[in-house]
Structure formats: structure tokens, C-alpha cells
Amino acid sequence: MSYTTLYRKFRPSGFDGVKGQDHIVTSLINQINADRIGHAYLFCGTRGTGKTSVAKIFARAVNCESPVNGSPCGECETCKAINEGRAMNIIEMDAASNNSVEDVRAIRDEIGYAPSIGKYTVYIVDEVHMLSTAAFNALLKTLEEPPAHAIFILATTDPQKVPITILSRCQQYNFKRISIDTIANQLGAVMAAEDIEVEDKALYYVAKVADGSMRDALSLLDQCIAFNLGQKLTYDSVLDVLGAVDTDIFNKLTDNLLNADITSAINTLDEIIIQGREITQFVTDYIWYLRNLMLIKTTSKEVENVIDVSSEQIEIMKEQSEKIGVHVIMRYIRILSELSSSIKFSPQKRVMAEIAIIKMCKPIMESDFSAIENRIEQIENKIESGAIVSSNVQVKEPAQAKPKEEIRYAKAVPKDIQYVVDNFPQVLNKLDQSARVGFKDGIPALGGDDELILLFDEKTLFVDRIQKDESLLQSLVDAIKNELKKEVRVTVKRTTKDNTGDYERIQQLTNTTIEMEDF
């Protein structure tokens, strides 16, 4: 007799053999026991989680003459006829290869005939999302009002592509990814049934690589047994078969990255490739390693229950976690995740992996905040390790600029003030425009020995500005000082046209005639 692969040999024959889908199994068993069978079901979930197996068990159970706890008994005439292929109660169709409207019309034409044995005809349509639009339309009416003896079970890994009109007519069950512990326990039971000795660590690694798929786990285990036929299945042999990388390599590579040693990191990658390891699997495994490193770094409690590595390896990773910050780990995971999504379809996987390693070693190539923190951490590590030594070269301090000596001028005399009065427009030209326009309305006159009086009409608003802003008057004082090279006091006064005494006094002091109509 030809060899039967493990995933076919150990396919569950009853609901009690389905692992990791208790929420679905319980619901279906209750429906069978209560005789509340629906006419349409939609099973959704990733590959290898038991959709087709549960559909076949359910199809046999609804036709079983005496089900045991909701599962088919396997002993009645109906169960025997279905198992031997003599009954046509279960019709399977692969929508990936039979997706035309003609295929669905064939079902619609046959559905009116009652089963020759048993109560129900069950149609299992696998990968139903692959049906064409016309095929979905042809299925719609039949799915809405099928004959009493017909049950549809639609299975898909991509429910988003199923029309909402189909979804609304089905009971939808979502199959979860199966946990690593559940898969590992099932693999252990399989190995015991096959009478093959195996290390628990090897089973856990196969379960982790399967990524929640029981069928993938059994296929990988079958592959490992074939490689190690007749011998104990060890962790190292599983790594060899699956092209995986041991954690010691990850320890070494992480040290290379933390030291920004590109040459050593590339050499480590070469070592992995020379050993025949698959680069895509290496990237996935390294992301898991960094994930474990981050958990060790951020969790104060014991992490043995959430990290599937040996206690010796955990101690090594704890020591390594002291050298690396969480932001650096997250940056590494981000770069590797981007690589993982793009490397699958790339013809140059090695080059892309080397570019990712260079980016991890050189945070200067990126401008995000985590890269900046990584650069700072690299500098600190180099200083602590002595790679950067402070220099004893004395830096000559720049000579302090000598403060400018304030120039002292002698006080102006009436002759100097008279010069300012006679040349007042020339002095104003040294001011900025706004000050020049404002002071132009003032009348200059001799006040005392070193005093210049500026007389303004009482309605002039510029006087208010002078009172609020002392710098305006100071700018005029500085302009006169620069012109005369002598100290001058400037006094601003208000007057009215009726107060002729002020004008007469100004005329006497300045020997000028003031035209009253100018005010």
C-alpha cells in the first residue's frame, strides 16, 4: 500500500479530533443535537486551520443515523456508505478551478434531486471567493431558497472577496490560527502514534514555523521525519531541514549590528547563506528573535512562558538586552518587516538583505526619531568601550574683545547751539524718516549754555510720541552730538499761537523772525 502523508492520515474523523476550534465545534454540535441545521454556512480562516475537515465531519454528522455527541458514529449504514464512496450525499467543488457560471448551474440543476441515502445533500465549495461574478449571481437564488434536503458549506481564506449578498445568507464561522502549544501537543501525539522518538524543542520549533496552520505543521514534520528516517528527531536536524538559523547566529549578528560593524554583519549573513539557509525564513526568524529580546527588555516578570527558547538562551538574551534600547529593537523590527514584505518576490534576496543590514548598522541613513536615538546610543557605546578617546589638545580661547571706550565730549556753548539752530535741517537728515518728519515741526532755539529748545504747537501729536519713547529724543541728541562733537541738552516744550511771549523770546535768542502763519 502506498504511503499516506501525515496530514491526510491524521485528518480528524470526528469533532473530538478537531484542535483549536472549540468555539466552532461546540456551536455545530449543539445544532446537530437540537436538530437546528442551517441551510448555508461560511467557514473563514487561514490555510490549514480545519475548515474543510470540519465541513466533512459536519456533512457526515447531519446524515448519521445515530450521531455520538454530535459526531458521526462511523458504524451506521449511511456513515459506511459515505466513507466507502457509495453515497453521493457529499459533493465537493474546488472553486479555484471550477469557477464559471456553468459549474454553478450544474449544481442548480442537480439540487432538486433528493439523496438516495441519508437526509441531506451537502455541497462543500472550497475557496468560494474564486467564483466569478456571474457564478455568484447564479448561486445567489439557490443559496437563498434551497430545497429542504440541501446544505451549502462555503469555505474561503479571503471572505472580503465574497459578495455581501452571499455573506448575508450564511452563518459565518471564523477559524482561528491554532496556538503553538496546541500544534506541538498534536505533533507529539502523532509522533507517539508513529513510534518515532523526538525532542520537545524540535516539535515546538516546527509548531512555530507552521504559523497557526495544523496542516503546514504536519507537512513540515513529515519532511523532517523523511530527512532523519530511523533516527531520533532532534532540534538541530529540524533546523537543517527547514533551512532555519540557530539563535547563536542571531546573538552574533545582533552584536555586529550594535557595534555598527558592517563587515562582520555581512560575513555573518554569508555564513548563513553558505549553510544553505533560506533568506526569507532567516528574516522571519530574526524578527521573532528581536521580538523575544524586546519582551525580555520590557517585562519585569519571568518571560519563560511567552518565549519558546531554552533557559540558557534566555540568560544570554538577558545579557544582550542590557546593551540595546527598546527603540533600537523596534527600529530593527521595522526594517526587517519592510524587508520581509518585499523580499518574497525579489530575484535579488541576498542584496536586499545586505541593504537592510547596512541600514541597521547606519542609522544616519534614516531621518526618523528612532534612527537619531540609535545614533546617539552608538556614540555612547563607543565612548564607554574606549573607541572614542578624548583629546588632550588645548584649544586656545579666543581673545576677549576690548570694550569700546566711551567718548567724552565737552559741553556745547551758545555758539555751538546757534550752529545747530542755523543748520537744523542738515542735522535732521541724519535721522530715520519717521523721526525726521516728526522733529521737522519743532522750532529750534537757544536755551542756555548747552541747551537746545524745541518748541512745538500744543496740538502736535509727535510730542506725545517723544514722551512715550525716549529713544526718539535720544536719536536727535546723538545726531547733534555727532555733528558738533560736543554734549548738548535738548528740551521739548509746547506752546500756543496766543502765547506770543514764547515766540518773542525765541526771536531774541535766535535772532530770527518767526512767521505766525506757519503755525
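Residues numbered from 1 in each chain as written. Predicted model: local features only at pLDDT ≥ 70, side-chain atom pairs only at ≥ 80, totals over all residues. Heavy atoms only, no water.

A.B. asks: Tell me about the packing of aromatic side chains, residues and numbers included.
C.D. replies: Evaluation of the coordinates by the stated rule reveals 13 aromatic pairs. The interplanar angle of 80 degrees and the centroid separation of 5.0 Å between the aromatic rings of Phe439 and Phe462 together place this pair among those described as edge-to-face. Taken together, the residues span a long stretch of sequence, with Phe439 in helix H21 (residues 433–439) and Phe462 in helix H22 (residues 462–468) at a distance of 23 residues. Considered together, Phe439 and Phe462 belong to a single accessibility category, that of buried residues. (Phe/Tyr/Trp six-rings, centres within 6.5 Å; stacked < 30°, edge-to-face > 60°. Helix = DSSP H or I, 4+ residues; strand = E, 2+ residues; numbered from the N terminus. Buried < 20%, exposed > 50% of the residue type's maximum accessible area, 1.4 Å probe, protein only.)

A.B. asks: Outline helix H2 (residues 22–34), supporting the account with residue identities and numerical values.
C.D. replies: Over its 13 residues, H2 runs 18 Å from end to end, which matches the ideal 18 Å to within 8%, given 1.5 Å per residue. All buried positions along H2 are accounted for by Ile24, Val25, Leu28, Ile29, Gln31 and Ile32. Axial view of H2: buried residues confined to an arc of 160 degrees, hence all on one face. Exposed and oriented more than 90 degrees from the buried face of H2 are Asp22 and Asn33. (Expected span 1.5 Å × (residues − 1). Arc of directions from axis to C-beta.)

A.B. asks: Please set out the sheet that holds strand S8 (residues 489–495) residue by residue, giving values where relevant.
C.D. replies: Sheets are built from strands that pair by backbone hydrogen bonding, the pairs being arranged parallel or antiparallel. Taken in spatial order, the three strands line up as S6-S7-S8 in an open sheet, and their pairing is mixed. The open sheet terminates on both sides in strands that have one partner only, identified here as strand S6 (443–446) and S8. Between one strand and the next, the sheet's axes are offset by a mean angle of 30 degrees, whatever the strand orientation. Sheet topology note: the S6/strand S7 (residues 451–457) ladder contains four bridges and is antiparallel. Along S7, the bridge assignment pairs Leu446 with Leu452. (Pairing = 2+ DSSP bridges. Axes fitted to C-alpha atoms, helices over the stretch in contact; angles between N-to-C directions.)

A.B. asks: Please set out a nonpolar patch on the surface residue by residue, giving values where relevant.
C.D. replies: A contiguous nonpolar surface patch, about 280 Å² in accessible area, is contributed by Ile358, Ile364 and Met365. Exposure remark for Ile358: the relative accessible area of 30% places this residue in the partly exposed category. (Patch = residues over 30% accessible without salt bridge, like charges linked within 9 Å, V, L, I, M, F, W, Y side chains within 5 Å. Areas by Shrake-Rupley, 256 points an atom, 1.4 Å probe, with all protein chains shown as cover. Salt bridge = Lys/Arg side-chain N within 4 Å of Asp/Glu carboxyl O.)

A.B. asks: Would you mind going over empty space enclosed by the protein in detail, with residue names and values included?
C.D. replies: Counted by the stated rule, this structure contains one cavity of 30 Å³ or more. Of the pockets and cavities examined, the largest cavity occupies roughly 40 Å³. Every residue along the wall of the largest cavity is listed here: Phe282, Val283, Tyr286, Leu336, Leu339, Ala353, Ala356, Ile357 and Met360. The greatest single-element share of the lining of the largest cavity, amounting to four residues, is contributed by helix H17 (residues 349–361). In the lining of the largest cavity, the residues fall into nine nonpolar, no polar and no charged. (1 Å grid on protein atoms, 1.4 Å probe; cavity = no way out; pocket = protein on both sides within 12 Å on 5 of 7 lines; lining within 4 Å. Points joined across faces, edges and corners; volume = space filled by probe spheres on them. Nonpolar A, V, L, I, M, F, W, Y, C, P; charged D, E, K, R; others polar.)

A.B. asks: Describe in detail the side chain of Ser340, supporting the description with residues and values.
C.D. replies: Structurally, Ser340 is set in helix H16 (residues 326–343). Beyond its immediate chain neighbours, meaning those up to four positions away, Ser340 contacts Val283, Thr284 and Ile287. (Contact = heavy atoms within 4.5 Å.)

A.B. asks: Please provide a residue-by-residue account of the confidence of the model for the protein chain, values included.
C.D. replies: Residues of the protein chain with pLDDT of at least 70 account for 83%, and the chain-wide mean is 81. Contacts from residues 509–519, a stretch scored under 50 in pLDDT, to residues over four places away or in other chains number 19 contacts. (pLDDT = per-residue confidence, 0-100.)

A.B. asks: Before we move on, could you go through the packing of helix H13 (residues 262–274) against H17 and cite the residues and values that matter?
C.D. replies: Contact pair H13 / H17: the axes reach a minimum separation of 10 Å and the direction vectors enclose 150 degrees. It follows that H13 is roughly antiparallel to H17 by the angle criterion. The two elements H13 and H17 meet at a crossing, and its hand is right-handed. Across from Ile262, Ala265, Ile266, Leu269, Asp270 and Ile273 in H13, the residues of H17 making contact are Arg350, Ala353, Glu354, Ile357, Ile358 and Cys361. (Parallel < 35°, antiparallel > 145°, perpendicular 65-115°, else oblique. Left-handed = near helix turned anticlockwise from the far one by under 90°.)

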